[in-house]
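As a plain string of letters, each chain reads:
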Amino acid sequence: MNNNNLEIVTRLRERIPTFECVPGCHDCCGPVTTSSEEMSCLPVKTDAEHDAALEEWNCVHLGPKGCKVYKQRPLICRVFGTTSNMPCPNGRKPEEMLDTETEAQVHHYIANTRQVLV
């Protein structure tokens, strides 16, 4: 595990604004990729659990009441709805949108780290 990457993830998470989702909406909870470092902080799921989630085009961490790992959710999940490049399908957004520099840093991190399917 790369501690430098964990520091980058922590720093970027702090800079991504939050907003309240529509209760019960899971439109952005499809399968996504995330870094190995982020994945190491999430609960381990079986191959069968991953396969079942993929059959439904869901994230393996999506439960009946929403994200089961919300506080640990990957960067890509945090960016949904905070930028005009990845808008919330329900029009929800934070008071202040994600700044373009941080958005670029998130995408740079994603593009330059080993990604695994969640």
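Residues numbered from 1 in each chain as written. Predicted model: local features only at pLDDT ≥ 70, side-chain atom pairs only at ≥ 80, totals over all residues. Heavy atoms only, no water.

## Looking at helix α5 (residues 100–111)
So, point 1. Taking 1.5 Å as the rise per residue, α5 with 12 residues should run 16 Å; its terminal C-alpha atoms sit 16 Å apart, in good agreement.
So, point 2. T102, E103, V106, Y109 and I110 are the residues of α5 that are buried. Considered in projection along α5, the buried side chains sweep an arc of 125° and stay on one side of the axis. Away from its buried face, by an angle of more than 90 degrees, α5 presents the exposed residues T100, E101, H108 and A111.
So, point 3. The secondary structure elements touched by the buried residues of α5 are α1 (3–15), β1 (33–35), α2 (36–39), α4 (75–79) and β4 (115–117). (Helix = DSSP H or I, 4+ residues; strand = E, 2+ residues; numbered from the N terminus. Expected span 1.5 Å × (residues − 1). Buried < 20%, exposed > 50% of the residue type's maximum accessible area, 1.4 Å probe, protein only. Arc of directions from axis to C-beta. Contact = heavy atoms within 4.5 Å.)

## Section: the packing of aromatic side chains
So, point 1. All chains considered together, the criterion is met by 0 aromatic pairs.
So, point 2. Lying across the ring of Y70, R73 places its NZ or CZ 3.8 Å from the centre. (Phe/Tyr/Trp six-rings, centres within 6.5 Å; stacked < 30°, edge-to-face > 60°. Lys NZ or Arg CZ within 6 Å of the ring centre and 35° of its normal.)

## Observations regarding the confidence of the model for the protein
So, point 1. With 99% of its residues at a pLDDT of at least 70, the protein reaches an overall mean of 93.
So, point 2. Mean pLDDT across the secondary structure elements of the protein bottoms out at strand β3 (residues 66–67), with 90, and peaks at α5, with 97. (pLDDT = per-residue confidence, 0-100.)

## Some points on the side chain of K45
So, point 1. By secondary structure assignment, the location of K45 is in the loop between α2 and α3 (47–55).
So, point 2. Look past the residues within four positions of K45 in its chain and what remains in contact with it is H50, V60, H61 and K68.

## Some points on the nonpolar core
So, point 1. Counting residues in hydrophobic clusters, the biggest one holds 16 residues, and the most contacted among them are I16, L75, V79, V106 and Y109.
So, point 2. At the level of secondary structure, the elements contributing two or more residues to this core comprise α1, α4 and α5.
So, point 3. Setting aside its immediate chain neighbours within four residues, I16 contacts L75, R78, V79, T82, L98 and V106. (Core = buried A, V, L, I, M, F, W, Y, C linked by side-chain atoms within 4.5 Å.)

## As for the layout of surface pockets
So, point 1. Volume-wise, the largest pocket comes out at about 590 Å³.
So, point 2. Every residue lining the largest pocket is counted, 36 residues in all, and those nearest its centre are C21, C28, C29, C67 and Y70.
So, point 3. If you list the elements that add at least two residues to the lining of the largest pocket, you get β3 and α4.
So, point 4. Grouping the constituent residues of the lining of the largest pocket by class yields 22 nonpolar, 9 polar and 5 charged. (1 Å grid on protein atoms, 1.4 Å probe; cavity = no way out; pocket = protein on both sides within 12 Å on 5 of 7 lines; lining within 4 Å. Points joined across faces, edges and corners; volume = space filled by probe spheres on them. Nonpolar A, V, L, I, M, F, W, Y, C, P; charged D, E, K, R; others polar.)

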